[in-house]
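# A look at the structure
Spelled out from the first residue to the last, the chains are:
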Amino acid sequence: MLLGELDEEEHLALQETVLDSQNYENFKVLQDQLMADFLEDRLSTERKNRFETVFLVTPARRSRLELIKALREKQAVRAKATSSWRTWIPTWFDLSQPRVRYAWGMAALVIVVALVARQLLRTPDQPGKPDIAHQQPAKVEPPPAPGPDIPEPQPPRTGDSPPRIRPKPQSPRPSTPTLPTVEKPVEPVFAVTLLPFSLRGAEEELAPVIPDNVKVVTLKLLIDPVDSFPHYNVEILTPDGNAIYRANHLKPGGKAPAQFLTLKFPINNLKDADYRIQLTGLARGTQETAGMYIFSLQRQ
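A brief report on the enclosed structure follows. Because the structure is predicted, anything quoted here is derived from the model rather than measured.

### With respect to the sheet that holds strand E4 (residues 231-237)
- Here 4 strands make up an open sheet; going across it, the order is E5-E4-E7-E8 and the pairing antiparallel. Single-partner strands in this sheet number two, and they are strand E5 (243-250) and strand E8 (286-296). Strand after strand, the sheet turns through a mean of 15 degrees between neighbouring axes, direction not considered.

### Examining empty space enclosed by the protein
- All chains considered together, the criterion is met by 1 cavity of 30 Å³ or more.
- If you add up the space inside the largest cavity, you get close to 60 Å³.
- Ile210, Val217, Phe295, Ser296 and Leu297 are, among the 10 residues lining the largest cavity, the residues nearest its centre.
- When contributions to the lining of the largest cavity are tallied by element, the ones reaching two or more residues are strand E3 (216-222) and E8.
- The residue makeup of the lining of the largest cavity, split by class, is 9 nonpolar, 1 polar and no charged.

### Examining the side chain of asparagine 233
- Here asparagine 233 shows up in strand E4.
- Given the relative accessible area of 17%, asparagine 233 is considered buried.
- Polar side-chain contacts of asparagine 233 include one of 2.8 Å to the backbone nitrogen of histidine 249.
- Other than its neighbours up to four places away in sequence, asparagine 233 contacts Ala247, Asn248, His249, Gln278, Leu279, Thr280, Leu282 and Gln287.

### Some details on the packing of aromatic side chains
- Here the structure, examined in full by the defined rule, presents 3 aromatic pairs.
- Taking the centre distance of 4.9 Å and the plane angle of 20 degrees together, the rings of phenylalanine 51 and phenylalanine 55 count as stacked.
- Through pairs of rings, three or more aromatic residues link up here, namely Phe38, Phe51 and Phe55.
- In this arrangement the basic side chain of lysine 220 is found over the ring face of phenylalanine 260, its NZ or CZ atom lying 4.4 Å from the centre.

Quick notes on the rules
Residues numbered from 1 in each chain as written. Predicted model: local features only at pLDDT ≥ 70, side-chain atom pairs only at ≥ 80, totals over all residues. Heavy atoms only, no water. Pairing = 2+ DSSP bridges. Helix = DSSP H or I, 4+ residues; strand = E, 2+ residues; numbered from the N terminus. Axes fitted to C-alpha atoms, helices over the stretch in contact; angles between N-to-C directions. 1 Å grid on protein atoms, 1.4 Å probe; cavity = no way out; pocket = protein on both sides within 12 Å on 5 of 7 lines; lining within 4 Å. Points joined across faces, edges and corners; volume = space filled by probe spheres on them. Nonpolar A, V, L, I, M, F, W, Y, C, P; charged D, E, K, R; others polar. Buried < 20%, exposed > 50% of the residue type's maximum accessible area, 1.4 Å probe, protein only. Polar contact = N/O pair within 3.5 Å; in protein donor to acceptor, adjacent residues only side chain to side chain. Contact = heavy atoms within 4.5 Å. Phe/Tyr/Trp six-rings, centres within 6.5 Å; stacked < 30°, edge-to-face > 60°. Lys NZ or Arg CZ within 6 Å of the ring centre and 35° of its normal.

Given below as structure tokens:
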């Protein structure tokens, strides 16, 4: 099916089985296994040509192939570095080798010479603290003689009180009236992070309880790295299939493989129910279903 080797009837019959939620995860695993066989050159020449012309037609599959290739190269470099360190370090402690013994002996000799030189360079007068006996006493200069225009200071007389210094009167400063601070009301915010339906666990997630005073909800949609596109169209549907919110040509934030979309919409007129979010990927003038999200609205 992935390489286009089935006829139209067999392809449609198998596609209905694959799109089932229980088999979709296995279908993703088979796609990754096919990419691994291509990277490790385990495909025949005919299947290799079909892989390049039939399978790699969508941007999402090409991005997934580049991601798997980069992860494999990174793991190979890390394994090579780890093996080289594991084989190189024990050789420095193998004292049965003559060059290892010579290297450790030279290192010990250098350390001993450095310690002896440091001890010899210390003078006896400076054992680590300054010598107080060799310090020069500070010179005390006599006060200058009074000049002809400068009167000599007179000793205070007995019974005389010291002169009083009157402070200069200061003009009172006008007091500035303090205005009461007015705090702006803070609008309550409620944010929820959602995983695509294909990446959710087997157990159903509990519906978040939203306070009654919340008017706007912010949803953060994590994008499946396998189905990543440069732009998306978003549509929120009620259980009856009616659209209550649409946003077109949204650009995801973050970097692959941790990209996300942020939606912010009012919930004043929405009822407590289960809602579905449908994503459509846009790439080079083509549209493709990119993912589905499910969330429950439940107020206190």
